[in-house]
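Observations on the three-dimensional arrangement
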Amino acid sequence: AIQTESDPAGPLRLKRSHRTLGSSDTDVDDEPDAYYDKTRGQVYRRTRFLGEGGFARVYEVTDSNNRRFAAKVVQKGTLKREKNRKKLLSEIKIHQSMIHKRVVKYHAAFEDTRSVYLILEVCENKTLMDLIKKRECLTEPEVRFYMLQILEACQYMHQHRVIHRDLKLGNLFLDQDMNIKVGDFGLAAVIVKDGERKKTICGTPNYMAPEILFDSQNGHSYEVDIWSLGIILYTMLVGRPPFATEDTKEICRKIKENDYEFPSSPPVSSAARDLVRQLLNTLPDARPTISEIRAHPFFADGYVPEKIPQLAFYEEPKFV
Ligand code: ADP
C-alpha cells in the first residue's frame, strides 16, 4: 500500500532561483526542486514542466547520472479518496509489468510525505494529440506508420492479458525519433481468467466503446481497445473524433446509433474508410482481430514510411 513516511525530500530541497521576495511555502506551485527515492538512493532533479492530466503533474527530471526521465507526480491529497488510491496502485502494478519498445518504459515508483512519484521514460515529442493540434490531420502514409506501431503495442498488451481501456491520441506518446510509446495505464485492467468480462464503466467519452456504455451487465473485454483504434484512426485521418459534439449525452447517442460520417474534406481513401467501419462495429465480436487489421488493404496496398521526420510537426512530410 502507499504509506506515509517522514519527508526524505526535505534536506535535498534546493533554493528556487525564480522565487520572488514575499512568495511563501504555501504557493500552489510549491514543488520541491528534487525528488528523492530513498529505497534506491537516487535523486531526480526537476528540469521542466511537461504536462498535466486529471490526476497528476508531469515534469522532466534528471538523475545523478544525468539521465533524463519523466516524473509523474500525484499529490497525496488526491489519494485521500480510496478510488484514486486504488487507481494509482493498479496503474503502477500494470505499468511495471509492461516491457516493450512501443510502451513508455517504467523505471521506478516511490513516495514522500507530499506525493507519489512514477519515474518513466521521457517522450520528447509529446503525444499524437499535440501533433494533430498542429497539423489538423495527417497524410495516409503517416497514419499507416503510427497505426502499425499502435497495433504492435496493442498486440503486446493483449497477449499479456492487459486491456488498456483508455487508448486515445493524448495517451500515445512520441519519443525523440517520432516513434509511438503507449502510456497512462490508469484505466487498464488485467484479464485474470479466460472469458472474464470487465464491468467498470470507464474511459474518455469520445473514445468509449458502445458495450461499455450500454451493456454494463454483460461487461466488456479486449475488443474495447479495438474500438478505440477505430476512433484513433478516424481522428488522425479527419482531424476530429467521429462522435464529437459539445454534449456528452449526444456523444453517447451517436455512439449507440453508430452515427458518424466522413466529411468531404479532407479526402479519405476508400480503404481507410472501410477499415474505420470495421473497427467501429457496434458488435464487439464482429470487430477484426489485430492480425486481421494488419492484413487490411489499407496497410497492404499503401505506402508505409520507414520513419517520420520531426519536421512533421510543422508541415506535411513528403515521401518520395
Ligand atoms: P493523467 O494520468 O493525470 O491523465 P498523464 O499520464 O496523461 O496524466 O500525463 C499528463 C500529461 O503529461 C500528458 O498529456 C503529457 O503532456 C505529459 N506526459 C505524461 N507522461 C509523459 C512522458 N513519459 N513523457 C513526456 N510527457 C509526458
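From a predicted model like this one, the values you see are computed outputs, not experimental measurements.

**A short note on the overall build of the chain**
Regarding its fold elements, the chain presents nine helices and 10 strands. For the chain, whose C-alpha radius of gyration is 21 Å, the value lies close to the compact-globule estimate of 20 Å for 320 residues. With the C-alpha coordinates of the chain rotated into their principal frame, the extents come out at 60 × 50 × 35 Å. Within the span of the chain, comprising 320 residues, buried residues form 35% of the whole.

**Examining the site of the ligand**
Residues in close proximity to the ligand total 22 residues, the closest being Gly51, Gly53, Phe55, Val58 and Ala70. Of all the secondary structure elements, the ones that give two or more residues to the shell around the ligand are β2 (42–52) and β4 (68–75). Tallying contributions element by element places β2 first for the shell around the ligand, with three residues. Of the residues belonging to the shell around the ligand, the class tally is 10 nonpolar, seven polar and five charged.

**Comments concerning the environment of phenylalanine 243**
Assignment of secondary structure puts phenylalanine 243 in the loop between α5 (223–238) and α6 (248–256). We classify phenylalanine 243 as buried; it has 23 C-beta atoms within 10 Å. Separated by 30 residues in the primary sequence, phenylalanine 243 and arginine 273 have C-alpha atoms spaced 15 Å apart. Once residues lying within four places of it in the same chain are set aside, the contact partners of phenylalanine 243 are Asn206, Ile251, Lys254, Ile255 and Tyr260.

**Some words on the sheet that holds strand β5 (residues 106–111)**
Here we have six strands laid out as an open sheet, ordered β1-β2-β3-β4-β6-β5, and antiparallel in their pairing. Each edge of the sheet is formed by a strand with only one pairing partner; in this case those strands are β1 (34–37) and β5. Direction aside, the axes of adjacent strands within the sheet are offset by 35° on average. Pairing between β5 and strand β6 (residues 115–120): five bridges, direction antiparallel. Along β6, the bridge assignment pairs phenylalanine 110 with tyrosine 117.

**As for α5**
Taking 1.5 Å of rise per residue, the 16 residues of α5 would be expected to cover 22 Å, and the 23 Å separating its terminal C-alpha atoms lies within 8% of that figure. When you tally the buried positions in α5, you get 16 out of 16 residues, the bulk of the element. Count one or two residues on from α5 and you reach glycine 239, which has phi positive near 105°.

**Regarding the environment of arginine 85**
Of note, arginine 85 is situated in helix α1 (residues 82–97). Residues arginine 85 and lysine 38, 47 residues apart in the sequence, show an inter-C-alpha distance of 21 Å.

**A word on the pairing of β6**
Burial analysis of β6 places six of its six residues in the buried class, the great majority of the element. Neither face of β6 is left uncovered, since the one carrying Ser115, Tyr117 and Ile119 and the one carrying Val116, Leu118 and Leu120 both have all their residues buried. Pairing geometry for β4 and β6, over six bridges, is antiparallel. Note on β6: the bridge partner recorded for valine 74 is valine 116. Remark: three residues form the turn of the hairpin made by β5 and β6, two consecutive strands paired antiparallel.

**As for the UniProt feature "binding site: ATP" (unreviewed entry) in the chain**
Here the UniProt feature "binding site: ATP" (unreviewed entry) sits at Lys72. Inspection of the secondary structure puts lysine 72 in strand β4. Ignoring sequence-local partners within four residues, the contact set of lysine 72 consists of Ala56, Val58, Leu118 and Leu120.

**A few points about the confidence of the model for the chain**
Here the chain shows a mean pLDDT of 90. Residues at 70 or above account for 91%. Listed scores for the predicted complex are pTM 0.89 and ipTM 0.96.

Calculation rules
- Residues numbered from 1 in each chain as written.
- Predicted model: local features only at pLDDT ≥ 70, side-chain atom pairs only at ≥ 80, totals over all residues.
- Helix = DSSP H or I, 4+ residues; strand = E, 2+ residues; numbered from the N terminus.
- Rg over C-alpha atoms; globule rule 2.2 N^0.38 Å.
- Buried ≥ 20, exposed ≤ 12 C-beta atoms within 10 Å, placed from the backbone.
- Near = placed C-beta within 6 Å.
- Nonpolar A, V, L, I, M, F, W, Y, C, P; charged D, E, K, R; others polar.
- Contact = placed C-beta atoms within 7 Å.
- Pairing = 2+ DSSP bridges.
- Axes fitted to C-alpha atoms, helices over the stretch in contact; angles between N-to-C directions.
- Expected span 1.5 Å × (residues − 1).
- UniProt positions renumbered as here; feature names shortened; annotations may be inferred.
- pLDDT = per-residue confidence, 0-100.

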